[in-house]
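Topology and contacts: notes
Residues per chain, in single letters:
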Amino acid sequence: MPDASPEPASKTDDNSSPIGGGNGPSLSHTSNPAPLRQLHGLSVNALTDAYLFTGDAKEHERLDDQHVALCLMIGGFFPTGAQSAVNSAVKVPENGPKPAILDLGTGSGAWAIGVAKQVPHADVVGLDLVPVNPSSELPPNCTFEVCDVNTALDRYSDKSFNVVHMRMMLQGIKDYATLFNQVSRILRPGGVLVVIEAVWTSFDANMVRIQAEKPTDPGFTWLYRIMSTINDAIVARHSSFLSIERVHEIIEELGKDTYKSVSNYSFFMPVGAWPTDLTERQAGELIGDSVIRAQTSIRPLLLNHGITGDELDRWAEGLQAEVKGNKVHQYIKIMVTWAVKVDN
């Protein structure tokens, strides 16, 4: 089953055949992908204004590192606590449809490709707003679709997937209730929903939420300034993001007749290579590099929000000194939720 040694994702064949069979999802590899468009001189998706991070190959390289860091910290492709339920959900059936796994907001495709290699008897589908830029071999049971999750889940019939996975993608979702209702509809009985999201602010060395607004305030960090401004910019585009810390509650509110169990926990991801624990240091170094490179990724969103290019340059310079100097010890809070659908 999936473990903690993910590979970044490989070039795909536009002529690959549809996957799925029986009563499973019938899907083809990315077809007629929407072109990227230019916004403030950077490439973003052409399907929606709900998500305005960049979507080019450099962004996918950054997401590959973020993927590895998250897998290191949760213990593999799936949270350790969810693994037993996932194993049960994707076991080879005696009869019935082939197992199928859906990755919403697949990014570079690294998670989908890694899971497809670890679960070769299941079809794995990744959805994103832009074509993936995979950097490892694409297995035959993995395919990708370019679409907007806000509007595209109607394409799937009821009970199409054994597992639905989403990670760091809710900033692009306009209505959480609609999304989670749709996911519940397409999950098969006993299926597992996994959601991994960040709180878009930063926490100090004592894991206390930073609230220092000005560079002269005690405890101020540039990471806090940047992440809190991103949070404000996303909320200004769609207020559903105000509920980002209530994901497990929103899922629980669907009721016991939908999910027989909902579990959640949070952990603190270090930013930088300062931890003494080896795993945390490896993950922290990857995330530190990722947040530095993300200063390009977030520019379209923040420029649209009214932040000037000069301000963003100054913030990025401060962040790089903060992270690379390893003198400022801070964290990003990651929330992990999984839910198991009722058996009938």
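Everything that follows concerns the structure shown earlier in this document.
Quick summary incoming for the structure in this document. Worth saying up front: this structure is predicted, and the values here are computed from it rather than measured. (Residues numbered from 1 in each chain as written. Predicted model: local features only at pLDDT ≥ 70, side-chain atom pairs only at ≥ 80, totals over all residues. Heavy atoms only, no water.)

Bringing the pattern of salt bridges into the picture now. Taken as a whole and assessed by the stated rule, the structure comprises 12 salt bridges. Residues Glu145 and Arg155 are paired through a salt bridge, measuring 3.3 Å at the closest nitrogen-oxygen approach. Taken together, the positions of Glu145 in strand 5 (residues 142–146) and Arg155 in the loop between helix 4 (149–152) and strand 6 (161–167) put the pair 10 residues apart, joining distant regions of the chain. Residue classification places Arg155 among the partly exposed positions, given a relative accessible area of 42%. For Arg246, the salt bridge is made with Glu249, and the minimal N-O distance between the two is 2.9 Å. Using a relative accessible area of 30% as the deciding quantity, one classes Arg246 as partly exposed. A residue is classified by how much of its surface remains accessible, and Glu249, at 31% relative accessible area, is partly exposed. Salt bridges here are not isolated pairs; linked through shared partners, they connect Arg246, Glu249 and Glu253. (Salt bridge = Lys/Arg side-chain N within 4 Å of Asp/Glu carboxyl O. Helix = DSSP H or I, 4+ residues; strand = E, 2+ residues; numbered from the N terminus. Buried < 20%, exposed > 50% of the residue type's maximum accessible area, 1.4 Å probe, protein only.)

Counting 103 residues, the largest nonpolar core has Leu104, Met166, Leu170 and Phe180 as its most contacted members. In this view, Met166 contacts Leu104, Leu179, Phe180, Val183, Leu193, Val194, Val195 and Ile196; residues no more than four positions away in its chain are not counted. (Core = buried A, V, L, I, M, F, W, Y, C linked by side-chain atoms within 4.5 Å. Contact = heavy atoms within 4.5 Å.)

It is worth spelling out the environment of His305 at this point. Relative to the helices and strands, His305 is located in the loop between helix 9 (299–304) and helix 10 (309–324). Overall, His305 belongs to the partly exposed group, its relative accessible area being 33%. For the pair formed by His305 and Leu254, sequence separation is 51 residues and the distance between their alpha carbons is 34 Å. Residues contacting His305, with those up to four places away along its chain left out, are Thr229, Asp232, Ala233 and Ala236.

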